[in-house]
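# Topology and contacts: notes
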Amino acid sequence: MASGLGKRFGGNKLMEVLEDRPLVRWILDSTDSLFDKRIVVTRNKDVKMLCDNLNIDCIIHDFPNRNDTVRLGLSVLLNDVDYCFFAPGDQPLIGRETLSRLIEEAKENKDKIIRLSFRDTIGTPTGFPEKFFVELLNLPEGKGGNYIANNNKNLVYTVEADNEYELWDVDTVSDMDAIKNKRRFIT
């Protein structure tokens, strides 16, 4: 998911460089070859161009809400998958090993909603089995997958992240600065 407007950041955070690559490239690289199919949903033409250059399927749109992003992405995958993960494009510290554990848990718990967590903090990515696809396609305006997960807490299974930093995302310039500082210590 790469459809945020970057209002709090003050611009296109997804193309802001973190070390040697744009912020959104971190999740693209971390998920490479882990999933049967990937689709990026964005409002940003630069993200679209990056995805095109990497041969990653991408939908560019101008719809206003999170539910639109979920609907557009899932609609493309609907007939090809029986489980779907949603990952934000602004969460660069999540490790490939952690993503692999999320996928393994989804395989073992096919009827559960799988979420990344660290201690008492629940975050993203979040995975949904097929039985939630209709609800995901029809989310209330402005709502995302959390809406469904919160209404089905008995079906949520969490996977512990290696550290709290894997849950960090970039909303502001100070968030980006914190992530840049943290990357120096965890690479």
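## Examining helix H2 (residues 45–53)
Listed in full, the buried residues belonging to H2 are Val47, Leu50 and Cys51. All buried residues of H2 project into a common sector of 100 degrees when viewed along the axis, lining one side. Relative to its buried face, H2 has exposed residues pointing more than 90 degrees away, namely Lys45 and Asn53. Elements that come into contact with the buried residues of H2 comprise strand E2 (21–22), helix H1 (23–31), strand E3 (40–42) and strand E4 (58–60). Its side-chain oxygen placed 2.8 Å from the backbone nitrogen of aspartate 46, asparagine 44 serves as the N-cap of H2. Positive phi appears at asparagine 55, one or two residues downstream of H2, with a value of about 60 degrees.

## Notes on the layout of surface pockets
As a volume, the second largest pocket reaches approximately 770 Å³. At five residues, helix H3 (residues 66–77) tops the list of elements feeding residues into the lining of the second largest pocket. When the residues that make up the lining of the second largest pocket are grouped by side-chain class, the tally is 25 nonpolar, four polar and seven charged.

## Side note on the sheet that holds strand E5 (residues 83–86)
Strand pairs in the sheet, formed through backbone hydrogen bonds, run parallel or antiparallel to each other. Spatially, the four strands line up as an open sheet ordered E5-E7-E6-E8, and their pairing is mixed. Single-partner strands in this sheet number two, and they are E5 and strand E8 (156–160). Mean inter-strand twist for the sheet, computed between neighbouring axes without regard to direction, equals 30 degrees. Two elements, strand E6 (residues 113–118) and E8, share five bridges in a ladder whose sense is parallel.

## Structural notes on the nonpolar core
Counting residues in each nonpolar core, the largest one holds 23 residues, and the members touching the most others are Val40, Cys51, Phe85, Leu102 and Ile114. Within the residue set of this core, elements represented by two or more residues are H1, H2, E5, helix H4 (96–108) and E6. Per-element accounting of this core gives the leading share, four residues, to H4. Those residues in contact with isoleucine 114 that sit more than four places away from it in its chain are Tyr83, Phe85, Leu102, Glu105, Ala106, Asn109, Pro125, Thr126, Gly127, Tyr157 and Val159. If you look at the next biggest cluster of nonpolar residues, it comprises 19 residues, including Val41, Leu72, Ile113 and Leu136.

## Some remarks on the side chain of glutamate 166
Along the chain, glutamate 166 falls in the loop between E8 and helix H7 (173–186). It turns out glutamate 166 is buried and unbridged, and the closest side chain with the opposite charge, arginine 101, is 5.0 Å from it. In terms of polar contacts, glutamate 166 uses its side chain to reach the side chain of threonine 98, at 2.8 Å. One polar contact links the side chain of glutamate 166 to the main-chain amide nitrogen of aspartate 162, over a distance of 2.7 Å. Here glutamate 166 is in contact with Gln91, Leu93, Ile94, Gly95, Thr98 and Ala161, once residues within four sequence places are set aside.

## Some details on the environment of asparagine 65
Within the secondary structure layout, asparagine 65 lies in the loop between E4 and H3. With 78 residues separating them in the primary sequence, asparagine 65 and lysine 143 have C-alpha atoms 7.5 Å apart. Apart from residues no more than four positions distant in its own chain, asparagine 65 is found in contact with Arg43, Glu141 and Gly142.

## Overview of the side chain of asparagine 67
Tracing the sequence through the fold places asparagine 67 in helix H3. With relative accessibility at 10%, the residue asparagine 67 sits in the buried group. Here glycine 142 takes part through its backbone nitrogen, which lies 2.7 Å from a polar atom of the side chain of asparagine 67. For asparagine 67, the residues in contact, after removing those within four places along its chain, are Leu139, Pro140, Glu141, Gly142 and Lys143.

## Quick word on unusual backbone geometry
Peptide bonds are mostly trans, and most non-glycine residues show a negative phi. Along the chain, threonine 124 connects to proline 125 via a cis peptide bond; the corresponding omega equals 5 degrees. Mapped onto the secondary structure, proline 125 falls in strand E7 (residues 121–129). In this structure, glutamate 19 is a non-glycine residue whose phi angle is positive, near 55 degrees. Within the secondary structure, glutamate 19 sits in the loop between strand E1 (17–18) and E2.

Rules of the game
Residues numbered from 1 in each chain as written. Predicted model: local features only at pLDDT ≥ 70, side-chain atom pairs only at ≥ 80, totals over all residues. Heavy atoms only, no water. Buried < 20%, exposed > 50% of the residue type's maximum accessible area, 1.4 Å probe, protein only. Helix = DSSP H or I, 4+ residues; strand = E, 2+ residues; numbered from the N terminus. Arc of directions from axis to C-beta. Contact = heavy atoms within 4.5 Å. Polar contact = N/O pair within 3.5 Å; in protein donor to acceptor, adjacent residues only side chain to side chain. 1 Å grid on protein atoms, 1.4 Å probe; cavity = no way out; pocket = protein on both sides within 12 Å on 5 of 7 lines; lining within 4 Å. Points joined across faces, edges and corners; volume = space filled by probe spheres on them. Nonpolar A, V, L, I, M, F, W, Y, C, P; charged D, E, K, R; others polar. Pairing = 2+ DSSP bridges. Axes fitted to C-alpha atoms, helices over the stretch in contact; angles between N-to-C directions. Core = buried A, V, L, I, M, F, W, Y, C linked by side-chain atoms within 4.5 Å. Lys, Arg positive; Asp, Glu negative; His and termini not counted. Salt bridge = Lys/Arg side-chain N within 4 Å of Asp/Glu carboxyl O.

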